[in-house]
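What follows is each chain in one-letter form.
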Amino acid sequence: MYRTHTCGELNLTFKGSNVTLSGWIHKSRDLGGMTFIDLRDRYGITQLVFNMETDSKLCEKARKLGREFVIQASGKVEERSNKNPKIQTGDIEIIVSELKVISKSELPPFTIDDDTDGGEELRMKYRYLDLRRAPVKNNILLRHRVAREVRKYMDAQGFVEIETPVLMKSTPEGARDFVVPSRLQPGTFYALPQSPQTFKQLLMVSGFDKYFQLVKCFRDEDLRADRQPEFTQIDCEMSFVEQNDVLLTFEGLAKNIFSVIKGIEFKEPFLRLSYQDAMNSYGSDKPDLRFGMIINELTSLVKGKNFVVFDSSDYIGAICADGCSEYSRKQLDELTEFVKRPQIGAKGLVYVKYGTDGTLKSSADKFYSQEQLAQWANVTGAKPGDLLLLLAGDRKNTLTALSELRLEMARRLGLRDPGKFAPLWVVDFPLLDWDEEAKRYYAMHHPFTSPKLEDLQMMETEPGKVRANAYDLVVNGVEIGGGSIRIHDSAVQKLMFKVLGFTEEEAEFQFGFLLNAFKYGAPPHGGIALGFDRLVALLGGQDSIRDFIAFPKNNSGRDVMIDTPAPISDQQLDELMLNIRKDKNK
Ligand code: ASP
């Protein structure tokens, strides 16, 4: 037997018992007469004690052991004189009488501790060691708990978990596919699913009624901190439902997870905000509602007063930062620099300081009287002590820039508390998105998303105005999931493909199997997919999903531990009848 207990479970109730533990040497301290070893396993850390006076041979042996050796130690549980309230087992220690080295360790490339000296790349190369560190390990355990709760809830609601193929055909989520060459049919390729979208709709045609799956999805996109080429979705679909049914079901799931995992009860229904309102008030379709700082439009109020910056702009908007009227020149310069960054793209920043004495001081003082500035303050709800920040330009880009500025101010003011959660639904998304470069419409969600029936008559005349039965679940400025009610009427689906510029042949080639299935009795259906990695990261209070995935890829999509993607052998290429182009690096 390797162990009688784990390193996380012993306490004073075990005082006097003889126990055997196995684990890794986390740290050891040699104090001359005594040697202490912190022994670690998945469950915790327990202190082992070796005494020179009582057993010098054993103590000498213990002294020679290095960090991360795997050992087995037996001995008696004793009360510690110097208790450590920070760890579960901090009241006790083991007076060791037998010690066995199970496996030696080389010196690890970085310190395996909560705070490590290992940089990101090194941690990823030795991810199996990184996973020994409590913060990363706890993230993976959290992931497991969330997955278990999801399955429990979905099962209780009558959902059936059904697996769908990984080797499939291109799906319409709009990203680039990862492809897999077929050996048996050379020259043809599978695509890895960007999501199981078409399969889950087929399962509704099959009559399964309520489907879900914790499923890997693959998208060959340029990566950001919160993106991975393969990621996990909680993918769901339901039949005979309208939008409200879907929202209530998954609001229930979200509330249940917050309750079980975080002990947070959301008694009220989640706010539902239309896409248009979200854009107008927050400049974003994923607003962070942990704080207010709503965007107010001032266009008609500020134009026509000879201030060229405003007069030449289509849109002028403002946010009000509470209690910031004392911002210094330097702080305002920093904010100006912030909005002028190429990613944000504003030309400049206009401010109004609403002093605690009631005076208004603006960088555009020359053009506006105190009364006029007071009007701005009135519209934006600013009070003495506040700071108004205005941006101007074209409507879309200025709203986006204001959204970034709003988040930056909230960050500076400490309003983005990771322990606070503000969920909402964003609804009534536009069905289509105009691509100026390609001069064509794209489906904002995907081509199976149902237009709102009342907007259907604009499909061919003013497609840009058609709203969809599509929704996103947003928490703390992060899109946690999105979905839609689907088109189940072949005529509407055909019209959708037409507006998207597909010829009948193209639609048939890509999605013929689905269109065919709809000929055999398609129930009204709709669903959603929640980003599982992102949900877990949010619950873990972090921005990046990487440390919530056991073996993630880096920013260039590489797994630096197993060193992939990697070339394949000539024999494999031959079997697949593939040639690699000589100019591959161009
Ligand atoms: N398949 C969609 C996605 O991955 C979600 C859905 O419409 O259910 O975004």
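Structure: above.
What this report covers is the structure whose coordinates are included nearby. (Residues numbered from 1 in each chain as written. Predicted model: local features only at pLDDT ≥ 70, side-chain atom pairs only at ≥ 80, totals over all residues. Heavy atoms only, no water.)

## Notes on the overall build of the chain
Across its full length, the chain carries 16 helices and 22 strands. If one aligns the C-alpha atoms of the chain with their principal axes, the spans along those axes are about 90 × 75 × 55 Å. A total of 586 residues make up the chain; the buried ones form 48% of that total. At a minimum sequence separation of 6, the contacts of the chain that also span at least 24 residues come to 65%. Accessible surface, the chain as shown: approximately 29,800 Å² in total, 50% of it carbon and sulfur. (Helix = DSSP H or I, 4+ residues; strand = E, 2+ residues; numbered from the N terminus. Buried < 20%, exposed > 50% of the residue type's maximum accessible area, 1.4 Å probe, protein only. Contact = heavy atoms within 4.5 Å. Areas by Shrake-Rupley, 256 points an atom, 1.4 Å probe, with all protein chains shown as cover.)

## Brief notes about the packing of aromatic side chains
Within a pair of aromatic rings, the relevant descriptors are the distance that separates the centres and the angle that separates the planes. This model, assessed by the stated rule, comprises 19 aromatic pairs. On the basis of an interplanar angle of 65 degrees and a centroid distance of 6.0 Å, the ring pair of Phe-159 and Phe-250 is categorised as edge-to-face. Of this pair, Phe-159 sits in the loop between helix 4 (134-156) and strand 6 (160-161) while Phe-250 sits in helix 6 (residues 243-262), and the two are 91 residues apart along the sequence. Accessibility classification places Phe-159 together with Phe-250 in one group, the buried group. Here Phe-310 and Trp-376 contribute two aromatic rings whose centre-to-centre distance is 6.3 Å and whose plane-to-plane angle is 55 degrees, an arrangement assigned as tilted. (Phe/Tyr/Trp six-rings, centres within 6.5 Å; stacked < 30°, edge-to-face > 60°.)

## What to know about the pattern of salt bridges
In total, this model carries 43 salt bridges according to the counting rule given. The partner of Arg-411 in a salt bridge is Glu-408, with the nearest N and O atoms 2.9 Å apart. Pair noted here: Arg-411 and Glu-408 are both in helix 12 (residues 395-412), with a separation of three residues, about one helical turn. A relative accessible area of 10% places Glu-408 in the buried class. Residues joined by salt bridges that share partners form a network here, namely Glu-120, Arg-123, Arg-127, Asp-130, Arg-133, Arg-546 and Asp-547. (Salt bridge = Lys/Arg side-chain N within 4 Å of Asp/Glu carboxyl O.)

## Some points on the environment of Met-154
Residue position: Met-154 is located in helix 4. Given the relative accessible area of 0%, Met-154 is considered buried. Apart from residues lying up to four places away in sequence, Met-154 is in contact with Phe-159, Phe-212, Cys-236, Phe-250 and Leu-253.

## Details of the state of the cysteines
Cysteine pairs can be linked by a disulfide, which is a covalent bond between their two sulfur atoms. By the definition in use, this model includes zero disulfides. Of the cysteine sulfurs around Cys-217, a residue in no disulfide, the closest is that of Cys-236, at 11 Å. Not engaged in a disulfide, the cysteine Cys-320 finds its nearest cysteine sulfur in Cys-324; these two sulfurs lie 8.6 Å apart. (Disulfide = S-S within 2.5 Å.)

## Looking at the site of the ligand
Around the ligand lies a shell of 14 residues, among which Gln-197, Lys-200, Gln-233, His-445 and Arg-486 are the nearest. At 2.9 Å from an oxygen atom of the ligand is found a side-chain nitrogen or oxygen belonging to His-446. In isolation the ligand exposes 270 Å². Once the protein is present, 92% of that is buried. Of all the secondary-structure elements, those providing two or more residues to the shell around the ligand are helix 5 (197-205), strand 21 (478-485) and strand 22 (525-531). When residues of the shell around the ligand are assigned to their parent elements, the largest contribution, three residues, is made by strand 22. Its residues assigned to classes, the shell around the ligand shows two nonpolar, eight polar and four charged. (Near = heavy atom within 4 Å. Polar contact = N/O pair within 3.5 Å; in protein donor to acceptor, adjacent residues only side chain to side chain. Nonpolar A, V, L, I, M, F, W, Y, C, P; charged D, E, K, R; others polar.)

## With respect to the sheet that holds strand 12 (residues 296-297)
Taken in spatial order, the five strands of this open sheet run 12-13-16-14-15, and their pairing is antiparallel. Strands with a single pairing partner mark the edges of an open sheet, and in this sheet they are strand 12 and strand 15 (360-362). Bridge count between strand 12 and strand 13 (residues 315-321): two bridges; the pairing is antiparallel. Each bridged residue has a counterpart across the sheet, and for Asn-296 the counterpart in strand 13 is Ala-318. Where helix 11 (residues 370-380) meets the sheet, its contacts fall on strand 12, strand 13, strand 14 (350-354), strand 15 and strand 16 (387-393), and the angle it forms with strand 15 comes to roughly 95 degrees. Along the sheet, helix 12 contacts strand 12, strand 13 and strand 16; its crossing angle with strand 13, the most-contacted strand, is approximately 10 degrees. (Pairing = 2+ DSSP bridges. Axes fitted to C-alpha atoms, helices over the stretch in contact; angles between N-to-C directions.)

## Considering helix 6
Within an α-helix, residues lying three or four positions from one another point in the same direction, as the helix has 3.6 residues per turn. The end-to-end C-alpha distance of helix 6, which contains 20 residues, comes to 27 Å, matching closely the 28 Å that a straight helix rising 1.5 Å per residue would cover. Backbone geometry just after helix 6 places Gly-263 at a positive phi near 65 degrees. (Expected span 1.5 Å × (residues − 1).)

## A few points about the packing of helix 7 (residues 275-282) against helix 12
At their nearest, the axes of helix 7 and helix 12 sit 8 Å apart, and the two run at 65 degrees to each other. As summarised for this structure, helix 7 and helix 12 are arranged roughly perpendicular, according to the angle between their axes. Residues Met-279, Asn-280 and Tyr-282 of helix 7 touch helix 12, and the partners they reach there are Arg-395, Leu-399, Ser-403 and Arg-406. Looking at the contact of helix 7 with helix 12, its residues break down into three nonpolar, two polar and two charged. (Parallel < 35°, antiparallel > 145°, perpendicular 65-115°, else oblique.)

## So, helix 5
Within the sequence span of helix 5, burial applies to Gln-197, Thr-198, Lys-200, Gln-201, Leu-203 and Met-204. Phi turns positive, to about 95 degrees, at Gly-207, one or two residues after helix 5.

## Considering the pairing of strand 22
In terms of burial, strand 22 is largely enclosed, as seven of its seven residues are buried. Pairing of strand 10 (residues 230-239) with strand 22 involves seven bridges; the strand directions are antiparallel. Residue pairing for strand 22: Met-238 is matched across the bridge by Gly-526. Relative to strand 22, strand 21 is paired through five bridges, and the arrangement is antiparallel. Note that in strand 22 the partner of Gly-483 across the bridge is Ile-528.

## Remarks on the environment of Asp-574
Relative to the helices and strands, Asp-574 resides in helix 16 (residues 570-575). The exposure class of Asp-574 is exposed, given its relative accessible area of 58%. Residues Asp-574 and Thr-299, 275 residues apart in the sequence, show an inter-C-alpha distance of 65 Å.

## Some words on the side chain of Asp-41
Topologically, Asp-41 is positioned in strand 2 (residues 34-41). A distance of 2.9 Å separates a polar atom in the side chain of Asp-41 from the backbone nitrogen of Cys-7. In this structure the side chain of Asp-41 is engaged in a polar contact, spanning 2.8 Å, whose partner is the backbone nitrogen of Tyr-43. Those residues in contact with Asp-41, other than ones at most four positions away along the chain, are Arg-3, Thr-6, Cys-7, Gly-8, Ser-22, Trp-24 and Lys-137.

## Things to note about a negative patch on the surface
Together, Glu-504, Glu-505, Glu-506 and Glu-508 make up a negatively charged patch on the protein surface. Residue Glu-508 is classed as partly exposed on the basis of its relative accessible area, which comes to 46%. (Patch = residues over 30% accessible without salt bridge, like charges linked within 9 Å, V, L, I, M, F, W, Y side chains within 5 Å. Lys, Arg positive; Asp, Glu negative; His and termini not counted. Charge placed at Lys NZ, Arg CZ, Asp CG, Glu CD.)

## Some details on the nonpolar core
Core analysis: the biggest nonpolar cluster contains 41 residues, and Val-146, Met-154, Phe-250 and Trp-425 have the highest contact counts within it. Filtering out sequence-adjacent residues up to four positions away, Val-146 remains in contact with Ile-257, Ile-261, Phe-532, Leu-535, Val-536 and Leu-539. One finds Leu-332, Leu-335, Leu-387 and Leu-391 within the second-largest nonpolar core, a separate group that totals 25 residues. (Core = buried A, V, L, I, M, F, W, Y, C linked by side-chain atoms within 4.5 Å.)

Shape descriptors only; they carry no functional weight alone.
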